[in-house]
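# Per-entry structural report
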Amino acid sequence: MNAETAELWDRHATTFDDEPDHGLRNPLVRQAWASLLTEVLPEPGISVVDLGCGTGSLSILLAEAGHHVHAVDISPRMLEEGRRKARQRAVSVTWHLGDAVRPPVVDGGFDVVLTRHVLWAMPDPSAALASWIGLLRPAGRLVLIEGRWMTGAGIPAATCSALVRRHRKELELRLLDDPALWGKAITDERYLLVSRR
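An account of the accompanying structure is given in this report. (Residues numbered from 1 in each chain as written. Predicted model: local features only at pLDDT ≥ 70, side-chain atom pairs only at ≥ 80, totals over all residues. Heavy atoms only, no water.)

### Details of unusual backbone geometry
- Even without being glycine, Ala90 reaches a positive phi, approximately 55°.
- Assessed through its relative accessible area of 70%, Ala90 is described here as exposed. (Buried < 20%, exposed > 50% of the residue type's maximum accessible area, 1.4 Å probe, protein only.)

This is the structure we're talking about:
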């Protein structure tokens, strides 16, 4: 990732949360994401790194649930929005400016690596996965939220699963077609992939 990428996302920072699933302003959408994450994450109090966190909506949800959260994004303005939202919600998140592929956090230091709509944008998704897995503690969990959108962008679930299987022994795939998660009905492929080892 580079300065052009940071500038691109900086330009979107003030309007990024306008999408219901980005800003989680709608209480029903917010609750749907909180419930989903509660189902797939270990008990509160674990260490989570949210890579490509954007404005930090999921990071803040996880902090509210009692997790120790590190949030990484390449966009300074996205992080500014995240910090502002965390202050409003009175939660503690550790914010890091950096590249999602080589984040400025400690290898082997996290119980969970979380990304949402990030892997598809990586120039080398397999290398990104290898880096992310390196951030996990031995029993750590990889949680990917991805999709293949009607615009043609994204990564199909079968492709993502095959990539993860190059690095991990097991995975669980779940379609995310509940309109409550997105604030509207969807017709494209959106999914959650969890790998525990």
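### Here we look at the nonpolar core
- In terms of nonpolar packing, the biggest core is built from 33 residues, with Trp33, Leu58, Val93, Leu114, Val143 and Leu192 touching the most fellow members.
- Looking at this core, the elements that each hand over two or more residues are α3 (27–40), α4 (57–64), β2 (68–73), α5 (76–89), β4 (110–116), β5 (136–148), α8 (179–182) and β7 (189–195).
- Of all the elements, α3 adds the most residues to this core, at 6 residues.
- Dropping the residues within four chain positions of it, Leu114 is found in contact with Leu37, Val48, Val49, Asp50, Leu51, Leu58, Leu62, Val143 and Ile145.
- Residues Val49, Leu51, Leu142 and Leu144 belong to the second largest nonpolar core, which totals 27 residues. (Core = buried A, V, L, I, M, F, W, Y, C linked by side-chain atoms within 4.5 Å. Helix = DSSP H or I, 4+ residues; strand = E, 2+ residues; numbered from the N terminus. Contact = heavy atoms within 4.5 Å.)

### Here's the deal with the packing of α4 against α5
- Running from N to C, α4 and α5 cross one another at 30°; their axes reach a closest spacing of 10 Å. With respect to their mutual orientation, α4 and α5 come out roughly parallel. The crossing of α4 and α5 is right-handed. Together, Ser57, Ile60 and Glu64 of α4 and Gly82, Lys85, Ala86 and Arg89 of α5 make up the contact between the two elements.
- Its residues placed into classes, the contact of α4 with α5 shows 2 nonpolar, 2 polar and 3 charged. (Axes fitted to C-alpha atoms, helices over the stretch in contact; angles between N-to-C directions. Parallel < 35°, antiparallel > 145°, perpendicular 65-115°, else oblique. Left-handed = near helix turned anticlockwise from the far one by under 90°. Nonpolar A, V, L, I, M, F, W, Y, C, P; charged D, E, K, R; others polar.)

### Examining the sheet that holds β2
- One open sheet holds the 7 strands; their spatial order is β3-β2-β1-β4-β5-β7-β6, and the pairing between them is mixed. Strand pairing shows two members of the sheet lacking a second neighbour, β3 (94–97) and β6 (172–175), which therefore form its edges. Shown here is a sheet whose adjacent strand axes are inclined to one another by a mean of 15°, direction ignored.
- Of the strands in this sheet, β2 and β3 touch α5, which is tilted by about 170° from β3. (Pairing = 2+ DSSP bridges.)

### Focus on the packing of aromatic side chains
- Counted by the stated rule, this structure contains 2 aromatic pairs.
- Measuring from centroid to centroid gives 5.3 Å for Trp33 and Trp182, while their planes differ by 85°, and the two rings are edge-to-face. Placement of Trp33 in helix α3 and of Trp182 in helix α8 is noted, with a sequence separation of 149 residues between them.
- Given a relative accessible area of 0%, Trp33 falls into the buried group. (Phe/Tyr/Trp six-rings, centres within 6.5 Å; stacked < 30°, edge-to-face > 60°.)

### Re the side chain of His117
- Secondary-structure assignment places His117 in the loop between β4 and α6 (125–134).
- By relative accessible area, which is 19% here, His117 ends up buried.
- In this structure, His117 is in contact with Asp21, Ile145, Glu146, Gly147, Trp149 and Trp182, ignoring residues within four places of it in sequence.

### What to know about the pattern of salt bridges
- Counted according to the given criterion, the structure contains 10 salt bridges.
- Salt-bridge contacts for Glu39 lead to Arg174; the nearest nitrogen and oxygen are separated by 2.8 Å. Here Arg174 lies in strand β6 and Glu39 lies in helix α3, a separation of 135 residues in the sequence. (Salt bridge = Lys/Arg side-chain N within 4 Å of Asp/Glu carboxyl O.)

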